[in-house]
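Remarks on the overall topology
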Amino acid sequence: MAKPDFEIPELKLDTEVPEVKEGTMAHSSPFIAKPEHQEPLNFPGELVDDWHDRAINKMGDLLGKYRSFQVYLDACVKCGACTDKCHYFLGTADPKNMPVGRQDLLRKVYRRYFTFAGKYFPWLVGAEDLTRETLDDWYSYYHQCSQCRRCSVFCPYGIDTAEISMAAREILDDIGMGQKYCNEIIAKVFKIGNNLGLPEPALADTLEGLEEDVLDDDGVEVKYPLDQKGADILLVTPSADFFAEPHVDGLIGYGKVFHEAGLSWTLSSHASEAANFGMFIGSYENMRNVSMRIREAALDLGVKRIVFGECGHAWRVAYSFLNTLAGPFDFLDPKYPVPQHILEVTHDLIQRDAIKLDPSANDDMILTFHDSCNVARATRMGPNPGGQFTIPREVIKASVNNFVDMAPETIHDSTFCCGGGGGLLTDDLMELRVKGAVPRMDALKRVIEEDGVTHMAAICAICKSQFTKVLPYYGMGMDMIVSVHQLVSNAIVLGAKQ
Ligand code: SF4
Ligand code: SF4
């Protein structure tokens, strides 16, 4: 780990609300997209000359298109309930990282151009012209929001800063001021099929390697099929699952579950990516284009079901929008939900006693579980409310003997973001990522000290990558973070049900 050029916060067992320090993160700003990242997404290559008018027009479009956007800008009563709820404020003390402070960057411009009072008496209602300085503030601070929605849980009006931040990024893209990390990745998905730019032969090689590894380790021929026409299940999983630790251990686990349950499945080289960064930049057009690959792959391969692997925001896009974006999916088997989460599949098999797990295989670990924000606050799993909290825990508890939850105010729908969500998982935002992880690190430190926790499981590719990178900054091992299906993979008894 390179020596950071910023101060690493000291961990406490309970996160403390910091004294406000104006402008501490004003310098934090991700790399701006170049024309080659912008143009494949139909955005201007660079900042347009008439950015001011174009930004105001775009804001007007969005206000007409998304009713919630205007309601959120109008409804805030400045009650202050959200001020200490954002991990980025708790980790940086910058008041523009308070959810209401972040919203106000856009609200003051909205009031100036779209409300009667703001047009005629701007000084009375905090309305301000859109200036180049404000534009730079938008770019900086709307890329310090991971769109985790924690603040909306505590706002008495349910104001969702994530939606405001998506709208701000949509305006910025429209005037040619996009973020390199997100837009480059989306362009890669269009060109090659996945975020990492892994072409089909590399994918096939990787999967063959996994088959050999499982055969060596377990003595069983578990298949990891690619582009297999006529398979029942299409598995769409984040591309990190194909090679990075601990993600790949999760993919090994999915394959073992399918094998043991006798389910026929395949991955697709056309839809070799579950992630959909179109959501992070607030672009429904790009979100739809990315989603359509899944529909095309399902039709081409003739599958009956679509199952998503462990990825938080992919599950949010799938659960909340896939049918609208790329449906109808009336060609799939109506017996199964569209889409389905891999945890729902594994949980159902455990409940029906269709797979056997030996939790003692994980006795070298004491586990806790990090609820990923997109799963926790924007989706569900299974038929019952709260299934997104119970199903992962039930699968973990069936796979391990030692499990402890972190403090209640840091889990379930109060969970803290890992610090790298919402398109911020890039090295040019390392300071933000390390500081934004503070509340989760504090809660983890507590269960390490009080309960001897050794590992933390997660079901999101971004959380896993973020923790792998950030844990060492706090003196913890990067291998503390594990995939939930890695635990299943360790515990599953292959051949027990055949
Ligand atoms: S959505 Fe999450 S990151 Fe954004 S302001 Fe709210 S709490 Fe902070
Ligand atoms: S909790 Fe809601 S109403 Fe209160 S200040 Fe925050 S955004 Fe405004």
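Throughout what follows, the structure given in this document is the object of discussion. From a predicted model like this one, the values you see are computed outputs, not experimental measurements. (Residues numbered from 1 in each chain as written. Chains lettered and ligands numbered in written order. Predicted model: local features only at pLDDT ≥ 70, side-chain atom pairs only at ≥ 80, totals over all residues. Heavy atoms only, no water.)

What follows concerns the overall build of the protein chain. Secondary structure assignment for the protein chain yields 22 helices and 7 strands. Against the 2.2 N^0.38 benchmark of 23 Å for 498 residues, the protein chain shows a C-alpha radius of gyration of 23 Å, consistent with a compact globule. Across its three principal axes, the protein chain shows a C-alpha extent of roughly 75 × 50 × 45 Å. Counting only residues that meet the buried cut, the protein chain has 59% of its 498 residues in that class. Pairs at least 24 residues apart make up 80% of the contacts formed inside the protein chain by residues separated by at least 6 positions. When the accessible area of the protein chain is evaluated, it comes to approximately 19300 Å², of which 50% is carbon and sulfur surface. Across the protein chain, 48 positive and 71 negative side-chain charges occur, with their mean positions spaced 5 Å apart. (Helix = DSSP H or I, 4+ residues; strand = E, 2+ residues; numbered from the N terminus. Rg over C-alpha atoms; globule rule 2.2 N^0.38 Å. Buried < 20%, exposed > 50% of the residue type's maximum accessible area, 1.4 Å probe, protein only. Contact = heavy atoms within 4.5 Å. Areas by Shrake-Rupley, 256 points an atom, 1.4 Å probe, with all protein chains shown as cover. Lys, Arg positive; Asp, Glu negative; His and termini not counted. Charge placed at Lys NZ, Arg CZ, Asp CG, Glu CD.)

This brings us to the packing of helix α5 (residues 99-114) against helix α8 (residues 132-141). Closest axis-to-axis distance for the α5/α8 pair is 10 Å, and the angle between their directions is 150°. Here α5 runs over α8; the crossing is left-handed. Contact with α5, carried on its side by Arg102, Leu105, Leu106, Lys108 and Val109, involves Thr134, Asp137, Trp138 and Tyr141 of α8 and no other residues of that element. (Axes fitted to C-alpha atoms, helices over the stretch in contact; angles between N-to-C directions. Left-handed = near helix turned anticlockwise from the far one by under 90°.)

As a further point, take the site of ligand 2. Within the structure, ligand 2 sits among 13 residues, and Cys76, Cys79, Gly80, Cys82 and Cys155 are positioned closest to it. Residue classes in the shell around ligand 2 are distributed as 10 nonpolar, 2 polar and 1 charged. (Near = heavy atom within 4 Å. Nonpolar A, V, L, I, M, F, W, Y, C, P; charged D, E, K, R; others polar.)

Further remarks concern the packing of aromatic side chains. Scanning the model with the defined rule gives 13 aromatic pairs in all. Look at Phe6 and Tyr473: their rings are 6.3 Å apart centre to centre, the planes differ by 20°, and that puts the pair in the stacked class. Residue Phe6 is found in the segment before α1 (35-38), and its partner Tyr473 is found in the loop between α21 (461-470) and β7 (481-483); the two are separated by 467 residues along the sequence. Relative accessible area serves as the criterion here: at 13%, Phe6 is assigned to the buried category. Under the relative-accessibility criterion, Tyr473 is labelled buried at 13%. The cationic tip of Arg150 hangs over the ring face of Phe416; the distance from NZ or CZ to the ring centre is 3.7 Å. Geometry around Phe329 places Arg295 over its ring, the cationic atom sitting 5.7 Å from the centre. (Phe/Tyr/Trp six-rings, centres within 6.5 Å; stacked < 30°, edge-to-face > 60°. Lys NZ or Arg CZ within 6 Å of the ring centre and 35° of its normal.)

Glancing now at the side chain of Ser152. Mapping Ser152 onto the fold places it in helix α9 (residues 150-154). Within the structure, Ser152 has its side chain in polar contact with the backbone oxygen of Arg149 (distance 2.7 Å). (Polar contact = N/O pair within 3.5 Å; in protein donor to acceptor, adjacent residues only side chain to side chain.)

The next subject is helix α12 (residues 200-218). Look at α12: 27 Å from first C-alpha to last across 19 residues, which is about the 27 Å you get at 1.5 Å a residue. Turning to α12, its buried residues number three or more, namely Leu203, Leu207, Leu210, Glu211 and Val214. In an axial view of α12, the angular spread of the buried residues amounts to 100°, which keeps them on one side of the axis. Across from the buried face of α12, at angles greater than 90 degrees, the exposed residues are Pro201, Asp205 and Asp216. Looking at the buried side of α12, the elements it contacts are α13 (247-261). Downstream of α12 by one or two residues, Gly219 has phi in the positive range, about 70°. (Expected span 1.5 Å × (residues − 1). Arc of directions from axis to C-beta.)

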